[in-house]
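Residues per chain, in single letters:
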There are 2 protein chains.
Amino acid sequence: MRDVAIIGAGETKYGEHWDKSLRDLAVEAGLKALEDAGLGAEDIQAIFGGNMSAGSFVGQDHVGALIADFAGLAEVRVPAIRIESACASGAAALHAGYMAVASGLYDIVLVGGVEKMTDLPGDMVTDILAGAADREWEVFFGATFPALGAMMARRYMYEYGLTREQMALLPVIAHKHGAMNPDAHFQREITVEQVLNAPMVADPLTIMNCSPVSDGGAAVVLASADIARKYTDSPIKISASTAANDYISIHARESLTRSPSTIEAARKAYEMAKKEPKDIDLVEIHDAFSIIALLGIEDLGFAKKGEGIKLAEEGQLYYDGDLPYNVSGGLKAKGHPVGATGVGQVVEIVKQLRNEAGKRQVPDARVGLAHNVGGTMTSSIVHILEVM
Amino acid sequence: MRDVAIIGAGETKYGEHWDKSLRDLAVEAGLKALEDAGLGAEDIQAIFGGNMSAGSFVGQDHVGALIADFAGLAEVRVPAIRIESACASGAAALHAGYMAVASGLYDIVLVGGVEKMTDLPGDMVTDILAGAADREWEVFFGATFPALGAMMARRYMYEYGLTREQMALLPVIAHKHGAMNPDAHFQREITVEQVLNAPMVADPLTIMNCSPVSDGGAAVVLASADIARKYTDSPIKISASTAANDYISIHARESLTRSPSTIEAARKAYEMAKKEPKDIDLVEIHDAFSIIALLGIEDLGFAKKGEGIKLAEEGQLYYDGDLPYNVSGGLKAKGHPVGATGVGQVVEIVKQLRNEAGKRQVPDARVGLAHNVGGTMTSSIVHILEVM
């Protein structure tokens, strides 16, 4: 199996892009990644594009083909395939792109992610996103995604004594970082009080415990590691690309407070990269809801079960702490255009490992981990990246 | 790059399955493929599932996760990712599964395809399928998929003098074969007159020139070729897995009567498999509309441009002819559950190469080619399979 490196990265600003369509966002991100790699359309051999629900959001399937065309790649016949794993679609596309290059079938590929979510009213968006849960056995009976997240949070509070005040620390940290990211949806700091007093979405989750509905695109260019230095002086190696799944419905699981898919994807990732949690210099963790992030922190091996929030309380999760967490702003503050999110996490890590992250630069970052989740931690995908 | 073989294959009957849901169909096909390979859930390391529009058809995204769960694979944490390339989603999933095994990251994977289309009224189905074209620049202005196909057919008739009577031969051949396939949606022969006198969908295409709306699932198990004989005495090698794309809109193309994506995918496939068109013993060609099949026959290299229909007139396309064509019944008679189709084509070729195709068995079949198309030949994916 060949080693694979990232030789270019780019993304749009995340937010409400009422003046940009799905294709605009995807092409903008893709061209930024190509430009960053110093490549032209003729250099790309395949595209793998993460997208959750363009069929429902904007009536468009065949998204890979659409984007390849509008990126100017139709004339060179570049194959383009869409990858979907709900909110983990971006990381799933990266997993596919990784295998494409590792296999030797392609030498240079573009991996993108995009979602255009703000063209519909909120109730329709909520219903579409619920398609990541079991439509017939969860959603039909009234569950929305925040409701499922809220059940996980309530159970965690019951089992481990977590308070709403404690849980509020995670969005506060995310917003602290987002305030330093010019591409973030929300570039302002918030307080614990603001989280607690925000409108309740599904008890105990206020709207400040929930990631926003965002538009956005992100892209990276992958190349076989042995040719990566032809294109960049700072290639970033993909040391691990792993995935695992759980029952889609939370009622089918043994526990609501641990994620076997994250645990298994992380186990495989550390083994593949020959790393341990202590080797990781920064993490991008899937914080669609604060509770998901807390489970992520623990199940990725950064804290014992029930003790993840201590890292927040001790200040370790800030960009200059021991475990810089969601330095991009995370899903909460950077935003969550679902198909783009997993690729965007990796764009952030690439910037950090190249020492190009500006105000929020993590000192001496050499190894980063990205954790992207689909559904209620049903699908978990982990990537470990490091300086080559 | 490791060689990859198919060690198991299975599919549901195609048709109107009002008593089976999306998950039922996917699981039935997957378990049949596993049983055929003599494997259990614990042997599968990853799933790649082709599906076009479950989000729109049945409100369900995250389809990979759903299917892995209901196939009993959640407990073993098998990663499952959905692949979409409109009506080529099945072949795109096989392309991804091929790379997964070729890369060495996984040794044994399940590739599936499924679509559940008949739960909605026809006009809604037509609109959802139009999502494979450009929603903003084709569909918005009134184009349906049959309308786009009809324009291609009219132009071909103008350029090459094709008649409706000639074009009718293709569905007649498909139905002749479908009548011998117990899993086909339509198991009855039809005549040229029936094609010509059937209700007009989009002139010159009658409903008998159009593939039906079908429910169905199909699956194959892939393994590294070096371990394939541990599981089966008749592994089938994937000698080529290639893809190429074109402009998504037909108005952007130089010609309506040739498909550059099919030409390029075929060129790469023959090179990869070290084969020529004359080496192919049977073909499954994407006949969503008769005109698409005709372009496929020519652009895959089996006839000169404008002369493809001669093969039909000379009787070469029957299962006992020189170029057995859509011996399964093709999309027209076997059916077209869009996400399943590309995998189902390969299931047919596997059966033929194993000499297990019953009444419709092609004599001495050793090499088969599958051609799966998304949109108006926007995405083309070609697989060449051969006896190991």
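As the structure is a computational prediction, the values presented were derived from the model and not from experiment. (Residues numbered from 1 in each chain as written. Chains lettered and ligands numbered in written order. Predicted model: local features only at pLDDT ≥ 70, side-chain atom pairs only at ≥ 80, totals over all residues. Heavy atoms only, no water.)

Here the UniProt-annotated "domain: Thiolase C-terminal" (unreviewed entry) positions come out as residues 244–386 of chain A. Within the segment residues 244–386 of chain A, helix and strand shares are 35% and 15% respectively, and the terminal C-alpha atoms sit 22 Å apart. (UniProt positions renumbered as here; feature names shortened; annotations may be inferred. Helix = DSSP H or I, 4+ residues; strand = E, 2+ residues; numbered from the N terminus.)

Attention now goes to the side chain of Ser214 of chain A. Residue and element names in this part refer to chain A. Tracing the sequence through the fold places Ser214 in the loop between β6 (205–206) and β7 (216–224). The buried category is assigned to Ser214, whose relative accessible area is 0%. A polar contact is formed between the side chain of Ser214 and the side chain of His185, at a distance of 2.8 Å. Filtering out sequence-adjacent residues up to four positions away, Ser214 remains in contact with Gly15, Glu115, Met117, Thr118, His185, Gly335, His336 and Pro337. (Buried < 20%, exposed > 50% of the residue type's maximum accessible area, 1.4 Å probe, protein only. Polar contact = N/O pair within 3.5 Å; in protein donor to acceptor, adjacent residues only side chain to side chain. Contact = heavy atoms within 4.5 Å.)

We now examine helix α11 (residues 260–273) of chain A. Residues spaced three or four apart along an α-helix face the same direction, because each turn holds 3.6 residues. All names here are of chain A. The end-to-end C-alpha distance of α11 is 20 Å, a good match for the 20 Å that 14 residues give at a rise of 1.5 Å each. The inward-facing, buried residues of α11 abut β8 (236–245), α12 (290–299), β10 (367–374) and β11 (379–387). Looking at the residues trailing α11, positive phi occurs at Lys274, about 55 degrees. (Expected span 1.5 Å × (residues − 1).)

Bringing the interface of chain A and chain B into the picture now. Between chain A and chain B, the residue contacts involve 63 residues of the former and 63 residues of the latter. Across the interface of chain A and chain B, roughly 4,900 Å² is buried in total on both sides, 53% from carbon and sulfur atoms. The largest contributions to the chain A side of the interface with chain B come from His62, Arg77 and Asn245 of chain A, which together make up 15% of the buried area. Here chain A is connected to chain B by eight salt bridges. Of the charged contacts in the structure, one is a salt bridge between Arg77 of chain B and Asp246 of chain A, with a shortest N-O distance of 3.0 Å. On inspection of chain A and its partner chain B, the count reaches 34 residue pairs in polar contact (both at pLDDT 80 or more). Among the elements of the structure, α2 (54–58), α3 (63–70), β3 (80–84), α4 (89–102), β8 and α11 of chain A are those that each provide at least two residues to the side of chain A that touches chain B. At six residues, α4 of chain A tops the list of elements feeding residues into the side of chain A that touches chain B. Considering only residue class, the side of chain A that touches chain B consists of 31 nonpolar, 19 polar and 13 charged. Where β3 of chain A lies against strand β3 (residues 80–84) of chain B, three bridges are found, and the strand directions are antiparallel. Residue pairing across strands places Arg82 of chain A opposite Glu84 of chain B, the latter belonging to β3 of chain B. (Buried area = accessible area lost by both parts, 1.4 Å probe. Salt bridge = Lys/Arg side-chain N within 4 Å of Asp/Glu carboxyl O. Nonpolar A, V, L, I, M, F, W, Y, C, P; charged D, E, K, R; others polar. Pairing = 2+ DSSP bridges.)

A cluster of nonpolar side chains, contributed by Phe70 of chain A together with Trp137, Phe140 and Phe141 of chain B, occupies part of the molecular surface with about 510 Å² of accessible area. Mapped onto the secondary structure, Trp137 of chain B falls in the loop between α5 (122–129) and α6 (145–160). (Patch = residues over 30% accessible without salt bridge, like charges linked within 9 Å, V, L, I, M, F, W, Y side chains within 5 Å. Areas by Shrake-Rupley, 256 points an atom, 1.4 Å probe, with all protein chains shown as cover.)

When chain A is fitted to chain B, the residual RMSD is 0.0 Å, and the transformation amounts to a turn of 180 degrees plus an axial shift of 0.0 Å. What the superposition gives is, in effect, a two-fold axis relating one chain to the other. Considering only C-alpha atoms, the part of chain A nearest the rotation axis is Ser103 of chain A, at 1.7 Å. When the interface residues of chain A are mapped onto chain B, 100% of them again lie at the interface, so the same face is used by both copies. (Least-squares fit on C-alpha atoms with pLDDT ≥ 70 in both.)

To continue, consider the pattern of salt bridges. Applying the stated criterion across every chain yields a total of 58 salt bridges over all chains. A salt bridge links Asp36 of chain A to Arg354 of chain A, with the shortest nitrogen-to-oxygen separation between them at 2.6 Å. Here Asp36 of chain A is found in helix α1 (residues 22–37), whereas its partner Arg354 of chain A is found in the loop between α15 (338–353) and β10, with 318 residues between them in sequence. For Asp36 of chain A, a relative accessible area of 31% translates into the label partly exposed. Residue classification places Arg354 of chain A among the buried positions, given a relative accessible area of 13%. Of the charged contacts in the structure, one is a salt bridge between Glu189 of chain B and Lys176 of chain B, with a shortest N-O distance of 3.9 Å. Here the residue Glu189 of chain B occupies a position in the loop between α8 (169–178) and α9 (192–197), and Lys176 of chain B occupies one in helix α8, the gap between them amounting to 13 residues.

All names here are of chain A. On domain assignment, one finds that chain A holds domain 1 (4–120 + 214–236) and domain 2 (132–211 + 239–387). Each of domain 1 and domain 2 has a C-alpha centre, and these two points are 23 Å apart. With 41 residues of domain 1 at the contact, the number on the domain 2 side is 37 residues. Contact between domain 1 and domain 2 buries roughly 2,900 Å² in total, counting both sides, with carbon and sulfur atoms accounting for 66%. Looking at the side of domain 1 facing domain 2, the largest losses of area belong to Tyr14, Cys87 and Ile236, adding up to 25% of the total buried there. On inspection of domain 1 and its partner domain 2, the count reaches three salt bridges. Notably, a salt bridge pairs Lys334 with Glu11, separated by 2.8 Å at the nearest N-O pair. For the side of domain 1 that touches domain 2, the secondary-structure elements that each account for two or more residues are β1 (4–11), α4, β4 (108–115) and β7. Residues of the side of domain 1 that touches domain 2, tallied by class, amount to 19 nonpolar, 16 polar and six charged. (Domains from an automatic or database assignment.)

This part is about the pairing of strand β4 (residues 108–115) of chain B. Residues and elements named next belong to chain B. The buried count for β4 comes to eight of eight residues, which makes it a mostly enclosed element. Taking every second residue as pointing to the same face, both faces of β4 are buried, with Ile108, Leu110, Gly112 and Val114 on one and Val109, Val111, Gly113 and Glu115 on the other. As defined by bridge partners, strand β2 (residues 46–50) adjoins β4 across five bridges and the pair is classed as parallel. Bridge pairing in β4 places Ala46 opposite Val109. By the bridge criterion, eight bridges tie β4 to strand β7 (residues 216–224) in an arrangement that is antiparallel. By the bridge assignment, Gly113 is partnered in β7 with Ala218.

Residue and element names in this part refer to chain A. In this structure the tally under the stated criterion is six aromatic pairs over all chains. Between Tyr156 and Tyr160, the ring centres sit 4.9 Å apart and the planes meet at 50 degrees, which makes this aromatic pair tilted. Of the two residues, Tyr156 and Tyr160 are both situated in helix α6 (residues 145–160); the distance of four residues between them amounts to about one turn of the helix. By relative accessible area, Tyr156 is classed as buried at 1%. What links up through ring pairs into an aromatic cluster is the set Trp137, Phe140 and Phe141. Sitting over the ring of Phe70, Arg23 keeps its end group 4.4 Å from the ring centre. (Phe/Tyr/Trp six-rings, centres within 6.5 Å; stacked < 30°, edge-to-face > 60°. Lys NZ or Arg CZ within 6 Å of the ring centre and 35° of its normal.)

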